[in-house]
Amino acid sequence: MISKRKSIPSDIEGSNLTKDYENNLITEDDSEEKTETQLEDDHGFLNFGFNKSLLESLKKKGYKNPTPIQKAAIPELMLGRDLLGQAQTGTGKTAAFALPIIEKLEDNNEVAAKVLVMTPTRELATQVADSFKSYSSESRNFNTIAIYGGTDFRNQISCLKRKTDVVVGTPGRIIDHIKQGTFKINNISCLVLDEADEMLKMGFLEDIEWIIDKLPEEKQMVLFSATMPSEIKNIAKKYLNNPAEIKIKSIKKEAQLISQKFISIQRHYKLEALKRILEIKNEGVIIFVRTKSLTASIAEALETSGHSVAVLNGDIPQNQRENTVDRLRKGFIDILVATDVAARGLDVERIKLVINYDFPFDTETYTHRIGRTGRAGRSGEAILFVNRREKHFLRNLENSLKTKIEELEIPSNQSINEKRMDKLTKDININSISEKNEENKALMIDILDTLKVKYSMQDEEIAMAAINLIVGNKPFFIEEDESWINKQNIPDRDRFTRKGQNKSRGSNKKSTHNNSGFETFRFEYGKVNKIRIPNIISSICSSTNINGRAIGKIQVFNDFSLVDLPKNLNRDTINKLKNLKIKSY
Ligand code: AMP
């Protein structure tokens, strides 16, 4: 069905796309921002020659113009070319490969799947499968299924028995189904490897090769990766046939769309500060915390304050997690309290604010967290809670991201009260619009009459009594003590210079603070665990291949430690560090 044609593709729309056929390379220069007029000049998705139902579903999704990756990739894929794409999540890469696939399979009547998409995680598998489902929602009899570990195997088998167009899955579960003969792969004519670098980092190379070897020889291959290390290039060389190469350099642009702020806060005031922030903004918020138990206790505290909130952590079964994400997407809940693992790959348009309640483990974790907002050109906000001791980490973060993270004030009583007033008056005003209350109009007139006749109430008295009903018995304005807010701010001269700590190592090392060769890692071990600096060094050296000399500044605090380690450690080492057990002796 998806045929391989090696003709030179037609030119690509968009003035900031350059294309070099000699090298098969298509790149997007992110230094050129599009002007309003250029955007208006775009012809949306019409130029790709998509069928009506596909265009209809894109319209329903509200997609007006293709993103740069879509502009570059769709024409190539429609021609049946192999494709090597370097693009991060958030660029619209899923639609870039899903749309041509759906278009080509419009009239497919065969039972066995024609397309296989492999993803590193089950979260991404569900997300990609959901995208296929929504883009094909107007197509007749188009079926996508997701197969991944942690969910019912038998259910997947019965889905695979029915007519399937696209299978999206994680390597392990795909292999299980192939081995059991429950996933027939002899019909596959297109294979997509999504987030290939992540799959390699997770050690799936052998599995991927095993699967590719079992698939039919003649097939279109698409490989997407956020980075292009040599291992990925090798896979591309080995399996892809004269691929079109596309590179979207949009990391900076994406990050710029997220306004990043930090709040100076001492640990025991964090919850108070969080509640105050949520007074100002409480729809589409994700709060990242370090432990599963914290997700529960914070969610409980927020619920008590009247927020609609849910938790997302590793203890919650997969199907329930999916359900929670869906409820957030649909607006039944407004706030998620999550751990990093559980929120991996989360893509919900509604998320407008990411709160880093606990400091992230490393820069990558931070980038991933804040990337839950500001997706596909939309703007978003990220707030990072920083205590005095984490300031050094903050500076490191700014250095590696090459971004200044500005300080944000904790909302004062006055700003919260203004917000409450603003919300209440707006709500009342919205309800005065007649079509909104048309249904109850007769009832309302009846009530007004009764109040006027039976109780002799004036218009103003009635209005005031109604407002009183909304406000309730609790004081409307916040009058809590706010003197603690001013005590959180750390004077600038103190911001990044922590003097006299851990002299044994800290001051021996020459200005590691300014040394951009380091990244600071946070370990949840501190004085309460009777941890000392030598314990940290020996644990790191014995569990990873990091040499003791390569370790920079170490700071041990009461219940955590900050350690400077060389930048750009490989995935395997970072995973080992994440699971590091530091023992005192
Ligand atoms: P992805 O990079 O595939 O994870 O997509 C990121 C987000 O962009 C998703 O929420 C998509 O729904 C959205 N998206 C993809 N293509 C477009 C488009 N052409 N217009 C608007 N939103 C899009």
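Since the model is a prediction, treat every value here as computed from it, not as a measurement.

### A look at the overall build of the protein chain
Secondary structure summary: the protein chain contains 24 helices and 19 strands in total. Put simply, the protein chain has 585 residues, and 48% of those count as buried. Long-range contacts, defined here as pairs at least 24 residues apart, represent 77% of the contacts in the protein chain between residues at least 6 apart. When the accessible surface of the protein chain is summed, it comes to about 29300 Å², and 49% of that surface belongs to carbon and sulfur atoms.

### Some words on the environment of lysine 330
With respect to the element layout, lysine 330 can be found in helix H14 (residues 318–330). Judged by relative accessible area, which is 54%, lysine 330 ranks as exposed. A distance of 2.8 Å separates polar atoms of two side chains, one belonging to lysine 330 and the other to aspartate 326.

### Quick word on the pairing of strand S19 (residues 561–566)
Across the six residues of S19, five count as buried, placing the element largely inside the fold. With six bridges connecting them, strand S17 (residues 518–523) and S19 associate as antiparallel partners. Note that in S19 the partner of glutamate 519 across the bridge is leucine 565. What sits between strand S18 (residues 554–556) and S19 in their antiparallel hairpin is a turn of four residues.

### A few points about the packing of helix H12 (residues 270–280) against helix H13 (residues 292–304)
The description of two packed helices rests on the angle between their axes and on the distance between the axes. For the pair H12 and H13, the least separation of the axes is 11 Å and the interaxial angle reads 50 degrees. The orientation of H12 with respect to H13, classified from their angle, is oblique. When the axes of H12 and H13 are compared, the crossing they make is right-handed. Together, Leu271, Leu274, Lys275 and Leu278 of H12 and Ile298, Ala301 and Leu302 of H13 make up the contact between the two elements. Within the contact of H12 with H13, the residues separate by chemical class into six nonpolar, no polar and one charged.

### Some points on the packing of aromatic side chains
In this structure the tally under the stated criterion is 12 aromatic pairs. With a centroid separation of 6.2 Å and 45 degrees between ring planes, the pair formed by phenylalanine 97 and phenylalanine 132 is classed as tilted. Taken as a pair, phenylalanine 97 in helix H4 (residues 93–104) and phenylalanine 132 in helix H5 (residues 122–135) lie far apart in primary sequence, 35 residues in all. As far as burial versus exposure is concerned, phenylalanine 97 and phenylalanine 132 are alike and both buried. Pairing tyrosine 357 with phenylalanine 385 gives two aromatic rings, centres 5.6 Å apart and planes at 45 degrees, and the pair type is tilted. Pair noted here: tyrosine 357 is in the loop between strand S14 (353–356) and helix H15 (363–370) and phenylalanine 385 is in strand S15 (residues 380–386), with a separation of 28 residues, a long-range link. A relative accessible area of 7% means that tyrosine 357 is categorised as buried.

### Overview of a nonpolar patch on the surface
A surface patch of nonpolar side chains, amounting to about 390 Å² of accessible area, comprises Ile428, Ile467, Leu469 and Ile470. Tracing the backbone through its elements, the reader meets isoleucine 428 in helix H17 (residues 413–431).

### Side note on the confidence of the model for the protein chain
Scored by pLDDT, the protein chain comes out at a mean of 83, with 85% of its residues at no less than 70. Within the model, pLDDT remains below 50 along residues 491–514, and this stretch shows 48 contacts once partners closer than five positions in the same chain are excluded.

### Section: the site of the ligand
The environment of the ligand is formed by 16 residues, the closest being Tyr63, Gln70, Gly90, Gly92 and Thr94. One of the side-chain nitrogen or oxygen atoms of tyrosine 63 is found 2.4 Å away from an oxygen atom of the ligand. Threonine 91 is positioned with one of its backbone polar atoms (N or O) 3.0 Å from an oxygen atom of the ligand. Looking at the shell around the ligand, its residues break down into four nonpolar, eight polar and four charged. Shared between two domains, the shell around the ligand takes at least three residues from each, and those domains are domain 1 (10–251) and domain 2 (257–411).

### Digging into the pattern of salt bridges
Counting across every chain of the model gives 28 salt bridges. Where lysine 93 meets aspartate 194, a salt bridge forms, and the shortest distance between an N and an O atom there is 3.0 Å. You can see lysine 93 sitting in helix H4 and its partner aspartate 194 sitting in the loop between strand S7 (190–193) and helix H8 (196–201), a full 101 residues away along the chain. When its relative accessible area of 0% is taken as the criterion, aspartate 194 is described as buried. Here lysine 330 ties to aspartate 326 by a salt bridge, and the two come within 2.8 Å at their closest N and O atoms. With lysine 330 and aspartate 326 both in helix H14 and four residues apart, the pair spans about one turn of that helix.

Rules and cut-offs
- Residues numbered from 1 in each chain as written.
- Predicted model: local features only at pLDDT ≥ 70, side-chain atom pairs only at ≥ 80, totals over all residues.
- Heavy atoms only, no water.
- Helix = DSSP H or I, 4+ residues; strand = E, 2+ residues; numbered from the N terminus.
- Buried < 20%, exposed > 50% of the residue type's maximum accessible area, 1.4 Å probe, protein only.
- Contact = heavy atoms within 4.5 Å.
- Areas by Shrake-Rupley, 256 points an atom, 1.4 Å probe, with all protein chains shown as cover.
- Polar contact = N/O pair within 3.5 Å; in protein donor to acceptor, adjacent residues only side chain to side chain.
- Pairing = 2+ DSSP bridges.
- Axes fitted to C-alpha atoms, helices over the stretch in contact; angles between N-to-C directions.
- Parallel < 35°, antiparallel > 145°, perpendicular 65-115°, else oblique.
- Left-handed = near helix turned anticlockwise from the far one by under 90°.
- Nonpolar A, V, L, I, M, F, W, Y, C, P; charged D, E, K, R; others polar.
- Phe/Tyr/Trp six-rings, centres within 6.5 Å; stacked < 30°, edge-to-face > 60°.
- Patch = residues over 30% accessible without salt bridge, like charges linked within 9 Å, V, L, I, M, F, W, Y side chains within 5 Å.
- Salt bridge = Lys/Arg side-chain N within 4 Å of Asp/Glu carboxyl O.
- pLDDT = per-residue confidence, 0-100.
- Near = heavy atom within 4 Å.
- Domains from an automatic or database assignment.

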